[in-house]
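The residues making up each chain are set out below.
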Amino acid sequence: MNPSASQKIAQFACDFELKDAPAEIVAKAKSILLDGIGLCFATTDMDYADISCRLVQGFGGTPEATIIGRSFKAPAVWAVLVNGIQIHGHDYDDTHAGSVAHTAPVIAPLALAFGERSQLQGVHILEALVLGLECDCRVGLASRGGFHKRGFHTTALAGAMGGVIAAAKALGLSPEQTCHAQGIVGSTAAGLREAYLSGGSWTKMLHPAWAAHAASVAALMAQQGFTGTPTVYEGRFGLFKSHLHPDDADYSALLDDLGQRWEIRNIDFKPYPCGVINHAFIESVFKLQQQQDIAVDAIKEVVCYIHPDAAQTVCEPIPTKRRPQSGYHAKFSLPFAVAAALVDREVTLKTFSDEKVKDPDILKVVDRVDYQIDPDSPYPATYPGKIEIRMTDGRMLTHHQPHNKGSRENPMTAAEIKEKFYSNATHKITRAQADAIYNCIRNLEDLKDSRILSGYLNP
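Computed from a predicted structure; not experimentally measured.

Moving on, we come to empty space enclosed by the protein. If you walk through the whole model with that rule in mind, you get four cavities of 30 Å³ or more. Around the largest cavity, the lining comprises 17 residues; the ones closest to its centre are V100, H102, Y196, K204 and T313. In the lining of the largest cavity, the residues fall into six nonpolar, seven polar and four charged.

The following block contains the structure:
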């Protein structure tokens, strides 16, 4: 009998050693980890982070893993929950092109927590990190956008499957146990797009966090002998056929060239703290402002040309997107992001505050921002933005940004990624403390004791 998809992935994961990955992939994984750690520090003063911490602290249990930026530790299965929420809270984390999945808020907490729990050396933390990121991306890519179309959040579903590989690797599970772990976590993979397309609730930021928690529990259960279905992906009622019905997945995207084709290369960093679909449009505004004198009061209309699937997320329904209910809700509003960029000439963490969404100057422009469907857009393979600004004097200003900043085609530089980390981390810690974390992650393969790193993360 031919091995199932989960059996193939399990064998690959167990055989994998860090030396099998190209140096550029290891470096990219380190940058993703560093980005996630910085975001944890940037959210420590947010209400949703405080609530999550209080809840987990109240559970008690063995202090196995660090809650980043906090003064206490928790069982690994709960530490990943809080850290996942903190990384994803500002929606400033990475996105994998092709699957539209965020990877760091699931995989980084797992690699760190189970690395600390098992007192792993840095090289083994990196192995778990690289494997988790790669499998996360591949599951999302295999869905061919179908998870989103069916109303599911790819970050949550793909994250649970990639996350359990990271946890299994950190725990040293056998191929058989790793197969069982996938079968277990597949029944807990969940996340509804309604969480962020309707209103401004915090539920979306729970999705990757719960995926990390579910992956933790599944891996630990498999370690103890609990069994899971070996056909969790391709079975008649497996993850793909149940969630993509009536379509099926691209199994070549999931399984072909494991260890040769690295989807980690296609993980994009975010220069702006909002939905990545908005980014190229924001950049188009900035490019036009550099080229033209654009008086905001003289703008007659702004038209954004966008793929229909992307429009579902950031443009529809347009009345709601023009009046976001909260700063978090505004992160998924293209009209608000474009208007804020036009008025403030910057987009930062402050742009998406509950106070800012009531700014009358921005709201006056929001009402002039509309969208039209661009059926030729290559989304989600890339995240383009095409914008027209029609002025009252008759001028038509246009700009097409084919690739968002942070993508492979238009990457953030190493200096920009480093500066983003420091900017986020120093919300909570000193520059010297940030230096220690930065240097530790950059040389993580040389780390002999994970407790050194955890000491930096728990100031």
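Alright, that's what it looks like, and here's the rest.
In this section: the sheet that holds strand β6 (residues 369–373). In spatial order, the strands read β6-β5-β7-β8; together these four strands make up an open sheet with mixed pairing. Two strands close off the open sheet at either side, each with one partner strand: β6 and β8 (396–401). When strand polarity is set aside, the average angle formed by the axes of neighbouring strands in this sheet is 20 degrees. Two elements, strand β7 (residues 385–391) and β8, share six bridges in a ladder whose sense is antiparallel. Bridge pairing links R390 to M396 in β8. In the packing of helix α14 (residues 279–291) onto the sheet, contacts are made with β5 (299–306), β7 and β8, and the angle to β8 comes to roughly 130 degrees.

What follows is about the pattern of salt bridges. A full pass over the atoms with the stated rule returns 23 salt bridges. In this structure, R117 engages E64 in a salt bridge whose closest nitrogen and oxygen atoms are separated by 3.2 Å. Linking R117 in helix α5 (residues 104–117) with E64 in the loop between α3 (47–59) and β1 (65–66), this pair joins segments that are 53 residues apart in sequence. Exposure remark for R117: the relative accessible area of 31% places this residue in the partly exposed category. Between E388 and R390 there is a salt bridge, and its shortest N-O distance comes to 2.9 Å.

With that settled, consider the packing of aromatic side chains. All told, the structure shown has 15 aromatic pairs when counted by the stated rule. Ring centres 4.7 Å apart and planes at 50 degrees place the aromatic pair F59 and W78 in the tilted group. Taken as a pair, F59 in helix α3 and W78 in helix α4 (residues 76–88) lie far apart in primary sequence, 19 residues in all. Looking at F59, the relative accessible area reads 42%, which means it is partly exposed. Arranged with centres 5.4 Å apart and planes meeting at 75 degrees, the rings of Y328 and F332 form a pair that is edge-to-face. Looking at Y328, the relative accessible area reads 7%, which means it is buried. Connected via pairs of aromatic rings, a cluster forms that spans F147, Y233, F240 and Y251. When the ring centre of Y196 is taken as origin, the NZ or CZ atom of K204, which lies over that ring, is 5.1 Å away.

Basis of the calculations
- Residues numbered from 1 in each chain as written.
- Predicted model: local features only at pLDDT ≥ 70, side-chain atom pairs only at ≥ 80, totals over all residues.
- Heavy atoms only, no water.
- 1 Å grid on protein atoms, 1.4 Å probe; cavity = no way out; pocket = protein on both sides within 12 Å on 5 of 7 lines; lining within 4 Å.
- Points joined across faces, edges and corners; volume = space filled by probe spheres on them.
- Nonpolar A, V, L, I, M, F, W, Y, C, P; charged D, E, K, R; others polar.
- Pairing = 2+ DSSP bridges.
- Helix = DSSP H or I, 4+ residues; strand = E, 2+ residues; numbered from the N terminus.
- Axes fitted to C-alpha atoms, helices over the stretch in contact; angles between N-to-C directions.
- Contact = heavy atoms within 4.5 Å.
- Salt bridge = Lys/Arg side-chain N within 4 Å of Asp/Glu carboxyl O.
- Buried < 20%, exposed > 50% of the residue type's maximum accessible area, 1.4 Å probe, protein only.
- Phe/Tyr/Trp six-rings, centres within 6.5 Å; stacked < 30°, edge-to-face > 60°.
- Lys NZ or Arg CZ within 6 Å of the ring centre and 35° of its normal.

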